Amino acid sequence: MQSMTKDLDFERDTALARDFLLNFTNIHGETKYMNVLQEVANRKVLAVEIDLEDLFGYKDSDDEFIRRVTENTKRYVGVFADAIDALLPEPTQPLPEDDHDVLMMTQRSQDGAENADGSDPQ
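Residues numbered from 1 in each chain as written. Predicted model: local features only at pLDDT ≥ 70, side-chain atom pairs only at ≥ 80, totals over all residues. Heavy atoms only, no water.

S.K.: Tell me about unusual backbone geometry, residues and numbers included.
M.R.: Its identity as a non-glycine residue notwithstanding, Arg43 has a phi of 60°, on the positive side. For Arg43, the position within the fold is in the loop between helix H2 (32-41) and helix H3 (52-57). (Helix = DSSP H or I, 4+ residues; strand = E, 2+ residues; numbered from the N terminus.)

The following block contains the structure:
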């Protein structure tokens, strides 16, 4: 039995996620997710919520990509996390030093290493 992940191109999907995060605009013409990422960088927001309606309505959406996101959400949380990591801007405000940050980065590194083969965690 062949693995489904063999046929998937997670690098391409990460690039599609990056494109969406970088270019999706709200009704005011603002780059919605890049604004959220700046708030994350400035530690005003702790998480990035991707609205599926935004993904469905994105002008450059790929129907197969959207299908994969909705059918394998757990895996695609990681794909979007990789895209967010690549796009996260530098903070524009001074940040307080915090031991929690070191713990989160360590945990994130460990989580990424465990799933480096592209498989879903069990």
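Structure shown, so let's carry the discussion forward.
S.K.: For the nonpolar core, give the residues involved together with the corresponding values.
M.R.: Judged by nonpolar contacts, the single largest core of 19 residues is most densely connected at Phe20, Leu21, Leu55, Phe65 and Phe80. Within the residue set of this core, elements represented by two or more residues are helix H1 (10-23), H2, helix H4 (63-71) and helix H5 (73-87). Per element, the largest residue contribution to this core is six residues, and it comes from H5. Setting aside anything within four residues of it in sequence, one finds Phe20 in contact with Tyr33, Ile50, Asp54, Leu55, Tyr58 and Phe80. (Core = buried A, V, L, I, M, F, W, Y, C linked by side-chain atoms within 4.5 Å. Buried < 20%, exposed > 50% of the residue type's maximum accessible area, 1.4 Å probe, protein only. Contact = heavy atoms within 4.5 Å.)

S.K.: Run through the side chain of Asp54, naming residues and quoting values.
M.R.: Mapped onto the elements of the fold, Asp54 is located in helix H3. Of the residues examined, Asp54 reaches a relative accessible area of 11% and is grouped as buried. Polar contacts involving the side chain of Asp54 include one to the side chain of Lys32, which spans 2.5 Å. Setting aside residues up to four positions removed in sequence, Asp54 forms contacts with Phe20, Phe24, Lys32 and Tyr33. (Polar contact = N/O pair within 3.5 Å; in protein donor to acceptor, adjacent residues only side chain to side chain.)

S.K.: Could you give an account of the packing of aromatic side chains, naming the residues involved and the relevant values?
M.R.: With the rule as written, the count across this model stands at nine aromatic pairs. Between Phe10 and Tyr76 the ring centres are 6.0 Å apart and the planes differ by 55°, which places this aromatic pair in the tilted class. On the criterion of sequence distance, the pair formed by Phe10 in helix H1 and Tyr76 in helix H5 is long-range, its members being 66 residues apart. Comparing Phe10 with Tyr76, the two get one shared label, buried. Taken together, a centroid distance of 6.3 Å and an interplanar angle of 50° make the contact between Phe24 and Tyr58 tilted. With Phe24 in the loop between H1 and H2 and Tyr58 in the loop between H3 and H4, this pair connects stretches of sequence that are 34 residues apart. (Phe/Tyr/Trp six-rings, centres within 6.5 Å; stacked < 30°, edge-to-face > 60°.)

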